[in-house]
Amino acid sequence: MTSANLKDLAMDFLRLAASGHIRDAYSKYVSPSFFHHNPFFRGDADSLLLAMEENAAKHPKKVLKIHRVLADGDLVAVHSHVMLNPGDQGVALVHIFRFQDAKIVELWDIGQAVPEIVPNEHGMF
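Residues numbered from 1 in each chain as written. Predicted model: local features only at pLDDT ≥ 70, side-chain atom pairs only at ≥ 80, totals over all residues. Heavy atoms only, no water.

Here Glu-106 shows up in strand S5 (residues 103-113). Within polar-contact distance, the side chain of Glu-106 engages the side chain of His-37 at 2.5 Å. There is a polar contact of 2.7 Å between the side chain of Glu-106 and the side chain of Arg-98. Setting aside its immediate chain neighbours within four residues, Glu-106 contacts Phe-34, Phe-35, His-37, Ile-96, Phe-97 and Arg-98. (Helix = DSSP H or I, 4+ residues; strand = E, 2+ residues; numbered from the N terminus. Polar contact = N/O pair within 3.5 Å; in protein donor to acceptor, adjacent residues only side chain to side chain. Contact = heavy atoms within 4.5 Å.)

Here we take up the nonpolar core. If you look at soluble globular proteins, the nonpolar side chains tend to sit buried side by side. Counting residues in hydrophobic clusters, the biggest one holds 27 residues, and the most contacted among them are Phe-13, Tyr-26, Phe-34, Val-78, Phe-97 and Phe-99. Of all the elements in the fold, those that place two or more residues in this core are helix H1 (3-18), helix H2 (22-29), strand S1 (30-36), helix H3 (45-58), strand S2 (63-72), strand S3 (75-83), strand S4 (91-100) and S5. Top contributing element to this core by residue count: H1, with eight residues. What Phe-99 contacts, discounting residues up to four positions off in sequence, is Leu-6, Leu-9, Ala-10, Asp-74, Val-76, Ile-104 and Val-105. (Core = buried A, V, L, I, M, F, W, Y, C linked by side-chain atoms within 4.5 Å. Buried < 20%, exposed > 50% of the residue type's maximum accessible area, 1.4 Å probe, protein only.)

Consecutive residues of a regular strand have side chains that alternate between opposite faces of the sheet. By the bridge criterion, eight bridges tie S3 to S4 in an arrangement that is antiparallel. Looking at S4, one finds that Val-78 is bridged to His-95. Here ten bridges tie S4 to S5, and the two strands are oriented antiparallel to one another. Pairing of Phe-99 across the sheet is with Ile-104, part of S5. If you look at the hairpin formed by S4 and S5, you'll find two residues sitting between the two strands, and Asp-101 has a positive phi there, around 55°. (Pairing = 2+ DSSP bridges.)

The end-to-end C-alpha separation of H1 is 23 Å, in line with the 22 Å expected for 16 residues at 1.5 Å each. For H1, every residue scored as buried is listed here: Leu-6, Leu-9, Ala-10, Met-11, Phe-13, Leu-14, Leu-16, Ala-17 and Ala-18. Immediately beyond the C-terminal end of H1, within one or two residues, lies Gly-20, with a positive phi of roughly 90°. (Expected span 1.5 Å × (residues − 1).)

Moving on: the packing of H1 against H2. Packed helix pairs are characterised by how far apart their axes lie and by the angle those axes make with each other. At their nearest, the axes of H1 and H2 sit 7 Å apart, and the two run at 155° to each other. With respect to H2, the element H1 is oriented roughly antiparallel. H2 is crossed by H1, and the crossing has left-handed handedness. Of the residues in H2, those touching H1 at Leu-9, Asp-12, Phe-13, Leu-16 and Ala-17 are Ile-22, Asp-24, Ala-25, Tyr-26, Lys-28 and Tyr-29. (Axes fitted to C-alpha atoms, helices over the stretch in contact; angles between N-to-C directions. Parallel < 35°, antiparallel > 145°, perpendicular 65-115°, else oblique. Left-handed = near helix turned anticlockwise from the far one by under 90°.)

Under the criterion given, the structure shown has five salt bridges. For Lys-58, the salt bridge goes to Glu-54, with nearest N and O atoms at 3.5 Å. A residue pair is termed a helical-turn pair when its members lie 3 or 4 positions apart in one helix, as Lys-58 and Glu-54 do in helix H3 at four residues. (Salt bridge = Lys/Arg side-chain N within 4 Å of Asp/Glu carboxyl O.)

Next comes the structure, spelled out in structure tokens:
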């Protein structure tokens with residue numbers, strides 16, 4: 001599978017998940033051997049799936065805007081802006097996916113809140 005294909009898989013996974021279709025995203029893209037490194041949840045697939053569903057239920061108008069996608073071998077990094085509710089400043093996120101046989105086997109996610117006032121003239125995106 002090419003880097004471009006893996007980038008498409010990562011972006012589709014995030015778009016499905018952000019739009020509340022978490023189980024669809026998991027069934028399409030997540031390997032049975034999946035694990036993650038989010039420090040707020042157990043490292044298994046089910047705990048993250050449930051947390052994502054809870055977040056989707058609390059924030060049904062969530063918006064995901066993908067700004068850049070990088071691939072290196074079996075790794076894909078997606079830099080995005082997520083606004084949980086209309087008018088939110090949102091969060092800058094980087095998701096790093098490791099793929100095996102076109103499925104996500106490992107995930108890291110790093111977030112930074114977007115401040116109301118950003119003195120950097122280049123912004124966060």
